[in-house]
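One-letter residues, chain by chain:
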Amino acid sequence: MALLPILEFPDPRLRTKAVDVDPAELSTPAFQTLLDDMFQTMYEAPGIGLAASQVDMHKRFMVIDVSEDRSRPMVFVNPQIVSSEGGQVYQEGCLSVPGIYADVTRADTITVRFLDRQGQPQELTTDGLLAVCIQHEMDHLIGKLFVDYLSPLKREMVRKKLAKARKHAA
Ligand code: GNR
Ligand code: NI
């Protein structure tokens, strides 16, 4: 297993639109190892989700674990939201925008169709934090970040704050 480097805003590679995973790829050792590496990277960060786009893999899949004790790993391959209802506001963060938190409004209840890590089709209806996280990760797969929901002025403040933090860390 290996920790993977996470791309950070405003890296243009985060804007890449991911393409569908070929289901045949799911049974390859390389893909299964990549999933394990993504879980390790997410748990170590620590985060509740990680989209392939964030580790410079531009294919449509992500890993999520919103459980308190980090015991419920979930894999979503080629996810599609087939229905969504209501709205909720959640203070979001992102491993690609470290140290920045902001309120984002998203659907409250969603139904998502996807393949699991064995390639089996699944349908899940969920709400709350898991629904927020699925929507946040699916945004990454189309090159969208939570800071895109902020005003251009606030987004520019975020960019400057991260640049300054990096300069001090260097
Ligand atoms: O770890 C994460 N926490 C989080 C909190 C609120 C809303 C979304 C998230 S996802 C984030 C990990 C991440 O950046 N996934 O892309
Ligand atoms: Ni994120």
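Residues numbered from 1 in each chain as written. Chains lettered and ligands numbered in written order. Predicted model: local features only at pLDDT ≥ 70, side-chain atom pairs only at ≥ 80, totals over all residues. Heavy atoms only, no water.

Trainee: What should I look at first to understand the packing of aromatic side chains in this one?
Mentor: Throughout the structure, instances matching the rule amount to three aromatic pairs. Note on Phe31 and Phe61: the rings are 4.8 Å apart at their centroids and 55° apart in plane angle, and the pair reads as tilted. With Phe31 in helix 1 (residues 29-44) and Phe61 in strand 2 (residues 61-64), this residue pair connects regions lying 30 residues apart in the sequence. Like Phe31, the residue Phe61 is buried in the burial classification. Taken together, a centroid distance of 4.4 Å and an interplanar angle of 45° make the contact between Phe76 and Phe114 tilted. Linking Phe76 in strand 3 (residues 74-85) with Phe114 in strand 6 (residues 109-115), this pair joins segments that are 38 residues apart in sequence. Its relative accessible area of 9% is what places Phe114 among the buried residues. (Phe/Tyr/Trp six-rings, centres within 6.5 Å; stacked < 30°, edge-to-face > 60°. Helix = DSSP H or I, 4+ residues; strand = E, 2+ residues; numbered from the N terminus. Buried < 20%, exposed > 50% of the residue type's maximum accessible area, 1.4 Å probe, protein only.)

Trainee: Please clarify how the pattern of salt bridges should be interpreted in this entry.
Mentor: Here the idea is simple: oppositely charged side chains can pair when their charged atoms come close. Summed over all chains, the structure comprises 11 salt bridges. We note a salt bridge from Arg106 to Asp139, for which the minimum N-O separation is 3.0 Å. Of this pair, Arg106 sits in strand 5 (residues 102-106) while Asp139 sits in helix 2 (residues 128-141), placing them 33 residues apart in sequence. Asp139 matches Arg106 in its accessibility class, with the two residues each being buried. Note that Arg113 is salt-bridged to Glu123, the shortest N-O span being 2.6 Å. Here the residue Arg113 occupies a position in strand 6, and Glu123 occupies one in strand 7 (residues 121-127), the gap between them amounting to 10 residues. A single network of salt bridges, built from pairs that share partners, joins Asp11, Arg13 and Asp56. (Salt bridge = Lys/Arg side-chain N within 4 Å of Asp/Glu carboxyl O.)

Trainee: Even after reading the chapter, I still don't get the side chain of Asp139, so can you show me in this structure?
Mentor: You can call Asp139 buried: its relative accessible area is 10%. Residues within four places of Asp139 in sequence aside, it is in contact with Arg106, Lys144 and Tyr149. (Contact = heavy atoms within 4.5 Å.)

Trainee: Whenever I open this one, the sheet that holds strand 6 confuses me. Can you help?
Mentor: Strand pairing in a sheet takes place through backbone hydrogen bonds and is either antiparallel or parallel in direction. One open sheet accounts for five strands, arranged 1-2-3-6-7; its pairing is antiparallel. With one partner strand each, in any of the chains shown, strand 1 (49-51) and strand 7 form the two edges of the open sheet. Neighbouring strand axes in the sheet, compared pairwise and without regard to direction, differ in orientation by 40° on average. Where strand 3 meets strand 6, six bridges bridge the pair, whose relative direction is antiparallel. Residue Ser83 lies in a different strand from strand 6, and its bridge partner there is Thr111. In the packing of helix 1 onto the sheet, the strands contacted are strand 1, strand 2 and strand 3, and the crossing angle to strand 2 comes to about 45°. (Pairing = 2+ DSSP bridges. Axes fitted to C-alpha atoms, helices over the stretch in contact; angles between N-to-C directions.)

Trainee: Before we go on, may I ask you to explain the site of ligand 1 in this structure?
Mentor: Close to ligand 1 lie 14 residues, the nearest being Ile48, Gln54, Leu95, Glu137 and His140. Contact between ligand 1 and Leu95: an oxygen atom at 2.8 Å from a main-chain N or O atom of the residue. Between ligand 1 and His136, the relevant distance is 3.1 Å, taken from an oxygen atom to a side-chain nitrogen or oxygen of the residue. For ligand 1, whose unbound accessible area comes to 390 Å², protein coverage reaches 91%. For the shell around ligand 1, the elements supplying multiple residues, two or more each, are strand 4 (88-92) and helix 2. (Near = heavy atom within 4 Å. Polar contact = N/O pair within 3.5 Å; in protein donor to acceptor, adjacent residues only side chain to side chain. Areas by Shrake-Rupley, 256 points an atom, 1.4 Å probe, with all protein chains shown as cover.)

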